[in-house]
Amino acid sequence: MSNPSTAMNLEQHHHHQDPEAYTTNKNGAVQFDSRKALDDDGRPKRTGTWVTGSAHIITAVIGSGVLSLAWAIAQLGWVAGPVVLMAFSFITFFTSTLLADAYRSPDPVTGHRNYTYMDAVRAHLGGRKVQLCGLAQYGNLVGITVGYTITASISIVAVKRSNCFHKEGHGADKCHVSNTPYMAIFGCIQLVLSQIPNFHKLSWLSILAAVMSFAYSIIGLGLSVATVAGGDRKGVRTTLTGVTVGVEVTAAQKVWRTFQAIGDIAFAYAYSTILIEIQASRRRSQDQKQNEALGLDTLRSSPPENKEMKRASLAGITTTTVFYVLCGCVGYAAFGNNAPGNFLTGFGFYEPFWLIDIANICIAIHLVGAYQVFCQPIFSFVESNCQKKWPENKFITREHPITVPFIGAIYFNLFRLVWRSAYVVVTVVLAMIFPFFNDFLGLIGAASFWPLTVYFPIEMYIARAKIPKYSITWTWLKILSWTCLVVSLVAAVGSVEGLIQSVKTYQPFKSGE
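Residues numbered from 1 in each chain as written. Predicted model: local features only at pLDDT ≥ 70, side-chain atom pairs only at ≥ 80, totals over all residues. Heavy atoms only, no water.

Topic: the overall build of the protein chain
Tallying secondary structure elements over the protein chain gives 16 helices and six strands in all. Within the protein chain, residue pairs in contact and separated by at least 24 positions form 77% of the contacts whose partners lie at least 6 positions apart. In the structure as shown, the protein chain presents an accessible area of about 24,000 Å², 65% of it carried by carbon and sulfur atoms. (Helix = DSSP H or I, 4+ residues; strand = E, 2+ residues; numbered from the N terminus. Contact = heavy atoms within 4.5 Å. Areas by Shrake-Rupley, 256 points an atom, 1.4 Å probe, with all protein chains shown as cover.)

Some remarks on the state of the cysteines
One covalent bond between the sulfur atoms of two cysteine residues makes up a disulfide. Using the criterion set out here, one finds zero disulfides in the structure. With no disulfide partner, Cys-329 has as its closest neighbouring cysteine sulfur the one in Cys-327, 9.9 Å distant. (Disulfide = S-S within 2.5 Å.)

Topic: the layout of surface pockets
Empty space within the second largest pocket amounts to approximately 390 Å³. Lining the second largest pocket we find 14 residues, and of these Trp-71, Arg-257, Gln-260, Asp-439 and Gly-498 sit closest to its centre. Going through the elements one at a time, helix H8 (251–268), helix H15 (437–465) and helix H16 (472–504) are the ones with two or more residues in the lining of the second largest pocket. With five residues, H16 is the largest single contributor of residues to the lining of the second largest pocket. By residue class, the composition of the lining of the second largest pocket is three nonpolar, eight polar and three charged. (1 Å grid on protein atoms, 1.4 Å probe; cavity = no way out; pocket = protein on both sides within 12 Å on 5 of 7 lines; lining within 4 Å. Points joined across faces, edges and corners; volume = space filled by probe spheres on them. Nonpolar A, V, L, I, M, F, W, Y, C, P; charged D, E, K, R; others polar.)

A closer look at the packing of aromatic side chains
The full count for this structure, using the stated rule, is 14 aromatic pairs. For the pair Phe-214 and Phe-323, a centre-to-centre distance of 6.4 Å together with 65° between the ring planes defines the contact as edge-to-face. Here the residue Phe-214 occupies a position in helix H7 (residues 203–230), and Phe-323 occupies one in helix H11 (residues 305–335), the gap between them amounting to 109 residues. Seen in terms of ring centroids, Tyr-455 and Phe-456 are 5.1 Å apart; in terms of plane orientation they differ by 70°. Their pairing is edge-to-face. (Phe/Tyr/Trp six-rings, centres within 6.5 Å; stacked < 30°, edge-to-face > 60°.)

Re helix H6 (residues 180–193)
Given a rise of 1.5 Å per residue, 14 residues ought to cover 20 Å, and the 20 Å separating the end C-alpha atoms of H6 matches this to within 8%. Listed in full, the buried residues belonging to H6 are Thr-180, Tyr-182, Met-183, Phe-186, Gly-187, Gln-190 and Leu-193. Around the axis of H6, the buried residues are gathered within 160° of arc, so they sit on the same side. Where the residues of H6 are buried, they touch helix H5 (128–168), helix H12 (353–389) and helix H14 (414–433). (Expected span 1.5 Å × (residues − 1). Buried < 20%, exposed > 50% of the residue type's maximum accessible area, 1.4 Å probe, protein only. Arc of directions from axis to C-beta.)

As for the pattern of salt bridges
Summed over all chains, the structure comprises eight salt bridges. Ionic pairing is found between Arg-420 and Glu-383, a salt bridge with its closest N-O pair at 2.7 Å. With a gap of 37 residues between them, Arg-420 in helix H14 and Glu-383 in helix H12 connect regions that are remote in the sequence. The pair formed by Arg-420 and Glu-383 is uniform in burial state, with each residue classed as buried. (Salt bridge = Lys/Arg side-chain N within 4 Å of Asp/Glu carboxyl O.)

Comments concerning the side chain of Glu-383
With relative accessibility at 11%, the residue Glu-383 sits in the buried group. The contacts of Glu-383, once residues within four sequence positions are left out, are Phe-415, Arg-416, Trp-419 and Arg-420.

What about the environment of Thr-149?
Checked against the element boundaries, Thr-149 lands in helix H5. Spatially, the C-alpha atom of Thr-149 lies 9.9 Å from that of Phe-437, the residues being 288 residues apart in sequence. Apart from the residues lying within four places of it in its own chain, the contact partners of Thr-149 are Met-183, Phe-186, Tyr-371, Val-428 and Ala-431. One polar contact links the side chain of Thr-149 to the main-chain carbonyl oxygen of Thr-145, over a distance of 2.8 Å. (Polar contact = N/O pair within 3.5 Å; in protein donor to acceptor, adjacent residues only side chain to side chain.)

Topic: H5
Taking 1.5 Å of rise per residue, the 41 residues of H5 would be expected to cover 60 Å, and the 59 Å separating its terminal C-alpha atoms lies within 8% of that figure. Taken from the residues just after H5, Gly-169 is the one with a positive phi, measuring 105°.

Regarding unusual backbone geometry
With a phi close to 55°, Lys-466 is a non-glycine residue in the positive phi region. Unusually for a residue other than glycine, Tyr-470 sits at a positive phi of about 70°.

Quick notes on the packing of helix H3 (residues 69–100) against H8
Packing of H3 against H8 leaves a shortest axis separation of 9 Å and a crossing angle of 55°. Between H3 and H8, the angle is such that the two are oblique. Handedness of the crossing formed by H3 with H8: right-handed. Where H3 abuts H8, its residues Leu-69, Trp-71, Ala-72, Gln-75, Leu-76, Val-84, Leu-85 and Phe-88 lie against Lys-254, Arg-257, Thr-258, Gln-260, Ala-261, Ile-262, Asp-264, Ile-265, Ala-266 and Ala-268. Residues belonging to the contact of H3 with H8 are distributed by class as follows: twelve nonpolar, three polar and three charged. (Axes fitted to C-alpha atoms, helices over the stretch in contact; angles between N-to-C directions. Parallel < 35°, antiparallel > 145°, perpendicular 65-115°, else oblique. Left-handed = near helix turned anticlockwise from the far one by under 90°.)

Overview of a nonpolar patch on the surface
Together, Phe-395, Leu-414, Leu-417 and Val-418 make up an exposed nonpolar region whose accessible area comes to about 310 Å². With three residues, H14 is the largest single contributor of residues to the nonpolar patch. We classify Leu-417 as partly exposed; its relative accessible area is 31%. (Patch = residues over 30% accessible without salt bridge, like charges linked within 9 Å, V, L, I, M, F, W, Y side chains within 5 Å.)

Considering the packing of H8 against H15
For the pair H8 and H15, interaxial distance at closest approach is 7 Å and the crossing angle is 70°. For the element pair H8 / H15, the angle class is roughly perpendicular. As H8 packs across H15, the resulting crossing turns out to be left-handed. Contact residues: H8 offers Gln-260, Gly-263, Asp-264, Ala-266 and Phe-267, while H15 offers Asn-438, Asp-439, Leu-441, Gly-442, Ile-444, Gly-445, Ala-446 and Phe-449. Partitioned by chemical class, the residues of the contact of H8 with H15 number six nonpolar, five polar and two charged.

Let's talk about the confidence of the model for the protein chain
Per-residue confidence for the protein chain gives a mean pLDDT of 78; residues scoring 70 or more make up 76%. Per-residue pLDDT stays below 50 along residues 1–22; that stretch engages in 28 contacts with residues further than four places along the chain or on separate chains. (pLDDT = per-residue confidence, 0-100.)

Looking at the environment of Asn-360
Here Asn-360 shows up in helix H12. Along the backbone, Asn-360 and Ile-156 are 204 residues apart, and their C-alpha atoms lie at a distance of 6.6 Å. Among all residues touching Asn-360, those that are not within four sequence positions of it are Ser-155, Ala-158, Val-159, Leu-344 and Thr-345.

A few points about the environment of Gly-346
Considering the arrangement of structural elements, one finds Gly-346 in the loop between H11 and H12. Gly-346 gets classed as partly exposed once you look at its relative accessible area, which sits at 39%.

This is the structure in structure tokens:
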């Protein structure tokens, strides 16, 4: 029996979005049919297509990772740099097609829906692998929120330094600014935003973040093109193999930086953690009336979600790869082997200072929203589990309504206040202790690439397709998985070594980059 309030909410939700939910009776009156506003699983009808799916992918992938690509190409050179970029794009696309088939189980078209990555792993693999998936996924999200705190503070500092360099001259000593106070400011903003329940429903946040990420990426690309076209590139040196041993780096530094660059590129392609969630938003078919009449729980989509998601992945990853190759290669052409770790805050560009300021403000705004997008799943996971474990605890479950002028009632929860505030404080403190952009990005990319992008998609495909052990297909999939594990390990080692070297010369809470 349907809940009247649910039906009313559905009617309001679909008033402008779903004309098919309205029917005309014998008397000619228009009526709302809540059954047609629901998907095959009883949830509000999904309206996404492969176009919106590819847009979500592009938005998720193109972010702060693009800022380090010129540096990564500089470590690898004209040959290995683009090859590694393309290799990661092919691997990411291939495994994303496997992951798209895991959205439903046991059949990829008509099976039961899995709404999250962990649900998919639970349905196909089960056991300890579900916990390992959760550890990898949520650990990755924690790392990303720490990394975004670092990046946002560096960008705010870059605005102050850019204006100072414009007034005092390039390289002026008085233009040194500490990152620490700006990490604290970023943390204060997040303390406020984190208290808003159901923050993910504010769709304008994702739209704003997407616009900002495209804005600063295009500004960076444009400045690189202008630098190359200008021809004034004294001392800029590019090579087929990247930074040269004995000239820019030692042999050991060359090895470690190469590994770290691989980690940075892996971070730039990380979106597997949210692919299932994107697919869950795709619309279902409307032409399976016979199944609906029979009351079946699952309906065939037309086109099926997995096929649409594969199209979305192809379009999204192709667009992203073209953009990355442009940013990385043009950035390398502009700066050469001395490319800064972050090409908008490392002051490879000094003028026009106002445009660089706009780009860095865009980064900061993007990361304010992106921090919330990535920490909300962590909040939801902890809070839902605590409520299940201690349902009678008023500290955890009680909501206190507070009336705010012009907004209405806002529900306040003590557990949410304490837990979310503690999480923000911990991430900010970690960012203050390890404020190293490239090293941290490389470590996050290395840690998440193999388990989330490669291992689980391949293992779920083998389990679902019942591929015989030691068959040709099984062997090649295992070779791919183990190769990517080795790549992830060397990238992690390179990033850890970079962190160790950076920590040796850094005084926490006292100085900034």
